[in-house]
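# Observations on chain architecture
Okay, here's what each chain looks like letter by letter:
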Amino acid sequence: MAPSKHHLAVIFGGRSSEHGISCVSAGNVLAAIDRDRWQVTPIGITRDGAWTLAPDQPELYTIRDAVVPEVPSGGTRVMFPPDPAIAGLVLADGTVVKVDVVFPVLHGYGGEDGAIQGVCELADVPCVGSGVAASAVCMDKIRTKEALLAAGIPIGPYVGITDHAWTSDRAQILAQVAALGLPVFVKPARAGSSVGISRVVDSGEIPAAVEAARSHDRRVIVEAAVQNAREIECGVLATPDGPIVSECAEITVLGGHSFYDFTAKYLDGSTDISLPAALTPDERARIQRLALRAYSALGCEGMARVDTFLTANGEVLLNEPNTIPGFTSTSMYPAVWQASGVSYPDLIDALCEDALRRGAEPEVSGR
């Protein structure tokens, strides 16, 4: 008799500004899952937060004519209660569907920030990727920088702007930003996919750039541009023997884009990816070691894409980690693992197996 399949719930969409890219990532994940090993239930969270049984049709979740997909409204409602006695989904008619693993293909607010991870922990259902603490820290670029500094990991100069600081002492904040020099990048502290980011070359434009970022998040980070640096990314993957790091890739932005923005990433293909990156053995080794150090220092689990800068003088700076990296057809995380000999289906399988192996965390006292 063939062994029974584990039940995998793939959750995607959500209320964040990255809803569409989450859907694209989910489509690729759904297409790659080994259906001989996993019984799959796709759960789509609509833009207004409704949890629904989504169509298990990967082709629905693709970018067409520069329009990103979204979770269709009107689907059958489903709940995921934080109750270990249920440990799964509750359908509208009261039917309980046990879940062995949750794969949150969620980017941004409500999915990458520890929220869904907390529900999984309360429900006692294993979850792919990092837990609550690491997810929350890595989602907040200011907190990430603070944690990296505390661990002695080299980063570029930055200024973190809280809501209170901006509204109560704007002049002081602008003075701190001015000390970074120009150009600078102004970003929402808790958003991804290059949403809400501005590259500023005129100091008079900084207040407007901060307000633009604040339309996505009350917390904002301003980073000094690392001039003439190469952008190098690699992936970290958990294994039974400990985390391993992938081959490195280099991103070069083309087509008149001043930086790696949303359009360059997803819509017009105006990027050049060198995979593997043209690095010396020493450069590659130092970048990979730094990625593993950051993964460990931040408490990451399961997976992370780690973005670094290789400066003109050969220094490696940690830019940021991503605990739920993109899984689209152009995303770097699956690409660097494919270049390292791990196919997309094998990568998905390894992530789900890692979640099963770790179980739901943290352990309850006395268990």
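Relevant structure appears above.
The numbering scheme is per chain: residues are counted from 1 as the chain's sequence reads. Local features are withheld for residues below a pLDDT of 70 in this predicted model, meaning they are given only at 70 or higher, and side-chain atom pairs are given and counted only at 80 or more; totals for whole chains, interfaces and linings count all residues. As a convention, hydrogens and water are excluded, and side-chain values are obtained from all of the structure's heavy atoms.

## A short note on the overall build of the protein
- The secondary structure content of the protein amounts to eleven helices and 17 strands.
- The dimensions of the protein, computed from C-alpha atoms along their principal axes, are 65 × 50 × 50 Å.
- Within the protein, residue pairs in contact and separated by at least 24 positions form 67% of the contacts whose partners lie at least 6 positions apart.
- When the accessible area of the protein is evaluated, it comes to approximately 15,600 Å², of which 52% is carbon and sulfur surface.
- Just so you know, the count uses Lys and Arg for positive and Asp and Glu for negative, and it drops His and the chain ends. Where a charge lies is defined by one atom per residue type: Lys uses NZ, Arg uses CZ, Asp uses CG and Glu uses CD. Side chains of the protein give 28 positive and 44 negative charges; the mean places of these two sets differ by 3 Å. Runs of E in the DSSP output that reach at least two residues are strands. Runs of H or I that reach at least four are helices, and both are numbered from the N terminus. Any two residues having at least one pair of non-hydrogen atoms within 4.5 Å are treated as being in contact. Residue exposure ignores everything except the shown protein chains as possible cover, and the areas themselves are Shrake-Rupley values with a 1.4 Å probe.

## Here we look at the sheet that holds strand β8 (residues 158-161)
- Whether two strands pair depends on DSSP finding at least two bridges between them. Spatial ordering of the open sheet is given by β8-β11-β9-β10, a layout of four strands whose pairing is antiparallel. The open sheet has two free edges, formed respectively by β8 and β10 (198-200), since each of these has just one partner strand. With strand direction ignored, the average angle separating the axes of adjacent strands in the sheet is 20°.
- Pairing analysis gives five bridges linking strand β9 (residues 184-188) to strand β11 (residues 220-224), with the strands arranged antiparallel. Axis lines are fitted to C-alpha atoms, over the contacting stretch for helices. Their N-to-C directions set the angle, which ranges from 0 to 180 degrees.

## A look at unusual backbone geometry
- That bond from Leu182 to Pro183 is cis: its omega, -5°, falls within 30 degrees of zero.
- Within the secondary structure layout, Pro183 lies in the loop between α6 (170-178) and β9.
- Note the cis peptide between Leu275 and Pro276, where omega equals 5°.
- Relative to the helices and strands, Pro276 resides in the loop between β15 (271-274) and α9 (281-297).
- Look at Ala66: it is not a glycine, yet its phi comes out positive at around 65°.
- Of note, Ala66 is situated in the loop between β3 (51-53) and β4 (78-79).
- Even without a glycine there, the phi angle at Ala87 is positive, about 50°.
- One can find Ala87 in the loop between β4 and β5 (88-91).

## Here we look at the nonpolar core
- Within the largest apolar cluster, 35 residues are counted, with the highest numbers of intra-cluster contacts made by Val10, Phe12, Ile33, Phe103, Phe327, Ile348 and Leu351.
- Put simply, the parts of the chain that give this core at least two residues each are β1 (6-13), α1 (19-32), β2 (38-45), β7 (101-105), β14 (249-253), α10 (332-339) and α11 (344-358).
- We call a set of buried Ala, Val, Leu, Ile, Met, Phe, Trp, Tyr and Cys residues a nonpolar core when their side-chain atoms join them within 4.5 Å. Summary of the burial criterion: residues with accessible area below 20% of their type's maximum are buried, those above 50% are exposed, and those between are partly exposed, where the area comes from a 1.4 Å probe applied to protein chains only. Counting residues in each nonpolar core, the second largest holds 23 residues, with Ile155, Ala277, Leu290 and Cys300 among its members.

## Some thoughts on the sheet that holds β4
- Strand order across the open sheet formed by three strands is β4-β5-β6, with antiparallel pairing between neighbours. Among the strands making up the open sheet, the edge pair consists of β4 and β6 (96-98).
- With three bridges connecting them, β5 and β6 associate as antiparallel partners. Within the sheet, the bridge partner assigned to Leu89 lies in β6 and is Val97.

## Overview of the environment of Pro207
- Examined against the element boundaries, Pro207 turns out to sit in helix α7 (residues 206-214).
- Note: C-alpha distance between Pro207 and Leu174 (33 residues apart in sequence) is 8.0 Å.
- Not counting residues within four places of it along the chain, the set of residues in contact with Pro207 comprises Trp166 and Leu174.

## Regarding the packing of aromatic side chains
- Only rings of Phe, Tyr and Trp enter the pairing, Trp through its six-membered ring, and a pair is recorded when the two centres are within 6.5 Å. The plane angle decides the type: under 30 degrees is stacked, over 60 is edge-to-face, the rest tilted. Summed over the entire model, instances satisfying the criterion amount to six aromatic pairs.
- Ring centres of Phe327 and Tyr333 lie 5.9 Å apart, and the angle between their planes is 70°; on these two criteria the pair is classed as edge-to-face. Accessibility classification places Phe327 together with Tyr333 in one group, the buried group.
- Plain terms: the ring middles of Tyr333 and Trp337 are 6.5 Å apart, the flat faces sit at 70° to each other, and that makes the pair edge-to-face. You can see Tyr333 and its partner Trp337 sitting in helix α10, four residues apart, about one turn around the helix.
- The buried category is assigned to Tyr333, whose relative accessible area is 0%.
- Residue classification places Trp337 among the buried positions, given a relative accessible area of 2%.

## Some details on the packing of helix α3 (residues 132-139) against helix α4 (residues 141-150)
- One way to put it is that α3 packs onto α4 with a least axis distance of 5 Å and a crossing angle of 105°. Between α3 and α4, the angle is such that the two are roughly perpendicular. For the pair α3 and α4, contact is made by Val137, Cys138 and Met139 and by Lys141, Arg143, Thr144 and Ala147, respectively.
- Tallied by class, the residues present in the contact of α3 with α4 amount to four nonpolar, one polar and two charged. Any angle from 65 to 115 degrees is called roughly perpendicular, while one under 35 is roughly parallel, one over 145 is roughly antiparallel, and all others are oblique. Residues were grouped as follows: Ala, Val, Leu, Ile, Met, Phe, Trp, Tyr, Cys and Pro as nonpolar; Asp, Glu, Lys and Arg as charged; and all remaining residues, including Gly, as polar.

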